[in-house]
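Coordinate analysis (summary)
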Amino acid sequence: MKWNKRKLTDRIMSGMSAACVIIAIIPLVSILYTVTINGISAINLDFLTQLPRPVGEPGGGLGNAIQGTFIVVGIACFIGLPIGILSGVYLSEYGNNRFGRFVSFVADILTGTPSIVAGMFAYTFVVLYFKSFSAFAGGVALSVLMIPIVTRTTEESLKLVPGSIKEASLALGIPKWKTTLYIVINTGKSGIITGALLAIARISGETAPLLFTSFGNMFWANGLDKPISTMPVQIYTYAITPFPDWHTKAWAGALVLIVLILVLNIGVRFVTRRKYAM
Amino acid sequence: MKDRKLSFFLKSKFSGDNIFEGAVGLFAIGVLIIALLLFGELYLESGLSRNAFGFGFLTGSIWDPVSEVFGALPFIFGTLVSSFLALVIAVPFSLGIAIYISELAPGKLRAPLSFIIELLAAIPSVIIGLWGIFILAPFIRDYLAPPLSTYLGFLPLFQGPMYGLSMLTGGVILAIMIIPITSSISKEAIQTVPIYQKEGALALGATGWETIRMSVLPYARSGIFGAVILGFGRAIGETMAVTMVIGNSARISGSLFAPSYTMASVIANEFVEATSKLYISSLLEIGLLLLLVSVIINIIARILVSKLLRVEGGGRA
Amino acid sequence: MQNKITVNDLNAWFGAKQVLHDIDIGIEKNAITAIIGPSGCGKSTFIRCLNRMHEVVPGAKVSGKVLVDEMDIYDSDIDPVDIRRSIGMVFQKPNPFPTMSIRDNVVAGLRLNGVKDKNVLDKTAEESLRKAALWEEVKNDLHKSGMSLSGGQQQRLCIARALAVEPEVILFDEPCSALDPISTSKIEDLMLELKEKYTLIIVTHNMQQAARVSDRTAFFLYGKLIEFGETDQIFKKPEEKSTEDYIIGRFG
Ligand SMILES: Nc1ncnc2c1ncn2[C@@H]1O[C@H](COP(=O)(O)OP(=O)(O)O)[C@@H](O)[C@H]1O
Ligand SMILES: [Mg+2]
């Protein structure tokens, strides 16, 4: 009798944990489903290549927002990838001291920075300085989010490179800096690339830090020092209006953005599945 | 010979090795500079507000841009309550998920299930917010709120009218957003439990569940606690999705059905429009608070889960 | 008999722990010198002192003199990088560069020291692989990953890689301990060929191997050089009791 009750509890608790997984997957499925259903009808060549039109006018698209997202993310990569990767190289190859461990810790903590705070920083640092919202300010905000991620993923992937590989190189009379630059980085590059791509996927969807840095623009990009439209901000702008027509545009924009990000995420995981045996 | 020594001295001082180490070292210093600037800028630029309101900023409940009186209490309240609500919902689910994936699921299912759950973390916040406005909020208004007010309506928490955009909706959406991180770190904590811990219990004739309750969970508890704290950190810093569903009303209410406002939301909504210096400065002080709290939370969490935590690029802050 | 390397009063430390004590030894040119002794006695440390790889480990220290052709490699104006180029090393576990092709592995040392000419690189790759008795097996797969080879082939690839930078001395640290008997005998044959042109030092755990390939043998114990002499003499008539114990213990 007692045993049966224990067995029953066991069954129930197992069933409940399985139910947790299923329930947690429901929102994901629902999001993917609704975004696809509501967005797909509005997607066509015009949507991907045209400028937005005022409310009520049919047609128009998010061409400039797509362009702007690539530009802003590009700026963020231009600033963030070198700093992130090279600081990661330092931490892994020269950072086994107090300073290195401290930097690594700080980078770790920075990965938890609320994204909107990065936006405020870029506002005070760049927007106030140039007295204008700009694509550049948006890129700075996103790079602040990107750098700690890239720093730490680079550090971790280079630390996985076996010491025997470094010794082999040093023993050939290759100086340490060339060993690091050409042998260690080369061996750990798949990890570095994975980290960079995941960081790019993450910042591509960020909205909050762009609201008051890159701001928005109804036209094509006309300079890095000018406000620029981006997909996430444009989706937000459309979503909170009362116009059904714009809601459809928001869904369609969401579909484009989600495809972009999921391709990055899933692609990365396939690429990293093929690991070199070391 | 002297000459050779000198040229060697110069060569070694300016050797490729030293130059390279110095160069990458500068980038590492760059990371520290970013952290310093982040704090420094927010601290300096919020000076006006700190001077004007002092500690009263944290306890004042009036937020009035017209007469330039700024108290952040409604937003602090909204952030804390919505994040706490998110934890109340997300923690049991995350534990269930972590236990299922690490202990119960068939071997082949484990990796794909983890991947799917973590995929949720890759969806941009603004898209979750869009879904929240049009799917989740009406669902909660029509199917979740009525039974809550019918059966639990005696509690102040579930009283008053419910229009969809509410503290409850905000809490639910935050819960959805933090489940990936809390469950995956809890899972890693559970996976570090050594086999002999489990075998000890199993050998005593414990069932699977009893083993989990008696030896797995206690062993993994500090890691799980770290996961919860980290989830909390994510929740308080989350901006777009909450802003889109929480209703954005700076009134403190005891009911979860009422709209509310969070620290991150007020920044997102008002920063662009803020015209006066004091107004901007007050918003920056809210940002500084957010940053401080999230740094503290992250430090605590990292101490708890230090070894478990891998850096994940796919997550969302 | 001419010595390629003369070691005087060599001491080595890891942090505060001294692992080599007052080593004096002469390494004969164009010969194979075997280093034997129980595990942990300092064999690896000793040969790593000969190409300044010891100091790569944080906290490691060396004192004493190591003369290679009369030049002290620990002289303050010597760049360890140059020393390592002329004294190559082959490690216990084969360690080809995992992301490089077979050819790129072989010429990595040249390339990273500035040789760009593709013809020179190709020619060196072939020559080195031939010297390492690997050419025939891989000549059609030069662009495959070095990791695709078997363990024994990988070790010969590492030997080819060391040969490509044209060293004068090659240090082998238990090069066969991870290999099967057939691969082991290939490497032993190879060493016998290489000694025509190079000075070789091999650390080994395997008494038969030392007896088979080496001309002279040094026995180390607790970081000290106990006995050094012609291989025949060391194995047949050791002068020290501990050498005899070790050899007999091993053979018995
Ligand atoms: N990286 C290291 N740090 C500290 N001690 C070490 C290190 N490598 C080796 N040792 C110590 O130095 C001594 C000699 O080691 P080693 O030269 O590797 O011996 P062998 O090659 O004869 O087995 C041993 O006591 C070993 O524990
Ligand atoms: Mg050894």
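Scroll up a little and you will see the structure.
Residues numbered from 1 in each chain as written. Chains lettered and ligands numbered in written order. Predicted model: local features only at pLDDT ≥ 70, side-chain atom pairs only at ≥ 80, totals over all residues. Heavy atoms only, no water.

One pass over the structure, following the stated rule, counts 24 aromatic pairs over all chains. Where Phe139 of chain B meets Tyr143 of chain B, the ring centres are 5.4 Å apart and the plane angle is 40°; that geometry is what we call tilted. Of this pair, Phe139 of chain B and Tyr143 of chain B both sit in helix α7 (residues 125-152), four residues apart, roughly one helical turn. Under the relative-accessibility criterion, Phe139 of chain B is labelled partly exposed at 46%. Tyr143 of chain B sits in the exposed class, given a relative accessible area of 58%. Three or more aromatic residues joined by ring pairs make a cluster, and in this case those are Phe53, Phe57, Trp63, Phe70, Phe75, Tyr261 and Tyr279 of chain B. For Arg50 of chain B, the ring lying beneath its charged end belongs to Tyr43 of chain B, and the centroid distance is 3.7 Å. Taking the ring centre of Phe97 of chain C as reference, the NZ or CZ of Arg161 of chain C above it sits at 4.5 Å. (Phe/Tyr/Trp six-rings, centres within 6.5 Å; stacked < 30°, edge-to-face > 60°. Helix = DSSP H or I, 4+ residues; strand = E, 2+ residues; numbered from the N terminus. Buried < 20%, exposed > 50% of the residue type's maximum accessible area, 1.4 Å probe, protein only. Lys NZ or Arg CZ within 6 Å of the ring centre and 35° of its normal.)

Turning next to the interface of chain A and chain B. Listed by partner, the interface residues are 87 residues for chain A and 80 residues for chain B. In total, about 7400 Å² of surface goes out of reach between chain A and chain B, with carbon and sulfur atoms giving 82% of it. Between the two partners, chain A and chain B, sit 10 residue pairs in polar contact (both at pLDDT 80 or more). In terms of residue count, the dominant contributor to the side of chain A that touches chain B is helix α1 (residues 2-40) of chain A (20 residues). When grouped by side-chain class, the residues that make up the side of chain A that touches chain B number 61 nonpolar, 18 polar and eight charged. (Contact = heavy atoms within 4.5 Å. Buried area = accessible area lost by both parts, 1.4 Å probe. Polar contact = N/O pair within 3.5 Å; in protein donor to acceptor, adjacent residues only side chain to side chain. Nonpolar A, V, L, I, M, F, W, Y, C, P; charged D, E, K, R; others polar.)

Turning our attention to the packing of helix α4 (residues 98-110) of chain A against helix α6 (residues 135-159) of chain A. Residue and element names in this part refer to chain A. Remark: α4 packs on α6, axes separated minimally by 8 Å, with the N-to-C direction vectors making an angle of 130°. The pairing of α4 with α6 is recorded here as oblique in orientation. Considering how the two elements wind past one another, α4 and α6 form a crossing that is left-handed. Facing Ser104, Ala107, Asp108 and Leu110 of α4, the residues of α6 in contact are Pro148, Thr151, Arg152 and Glu155. Tallied by class, residues from the contact of α4 with α6 come to three nonpolar, two polar and three charged. (Axes fitted to C-alpha atoms, helices over the stretch in contact; angles between N-to-C directions. Parallel < 35°, antiparallel > 145°, perpendicular 65-115°, else oblique. Left-handed = near helix turned anticlockwise from the far one by under 90°.)

Right, let's get into the sheet that holds strand β8 (residues 199-203) of chain C. Residue and element names in this part refer to chain C. The mixed open sheet is built from six strands, whose spatial order is β6-β7-β8-β3-β9-β10. The open sheet has two edge strands, β6 (87-90) and β10 (224-230), and neither has a second partner. Averaged over all pairs of adjacent strands, the angle between strand axes in this sheet comes to 20°, irrespective of strand direction. As paired strands, β6 and strand β7 (residues 169-173) are joined by four bridges and run parallel to one another. Following the sheet pairing, Ile87 is matched in β7 by Val169. Strand contacts of helix α1 (residues 43-50): β3 (32-36), β6, β7, β8 and β9 (216-221), with the helix running at about 160° to β7, the strand carrying the most contacts. Against the sheet, helix α6 (residues 151-164) engages β6 and β7, with an angle of about 170° to β6. (Pairing = 2+ DSSP bridges.)

All names here are of chain C. Across the sheet, four strands lie side by side as β2-β1-β4-β5; this open sheet has antiparallel pairing. Taken across any chain shown, the strands that pair with only one partner, and hence form the sheet edges, are β2 (17-28) and β5 (71-72). Across the face of the sheet, α1 comes into contact with β1 (3-14), β2 and β4 (60-68) while running at roughly 120° to β1.

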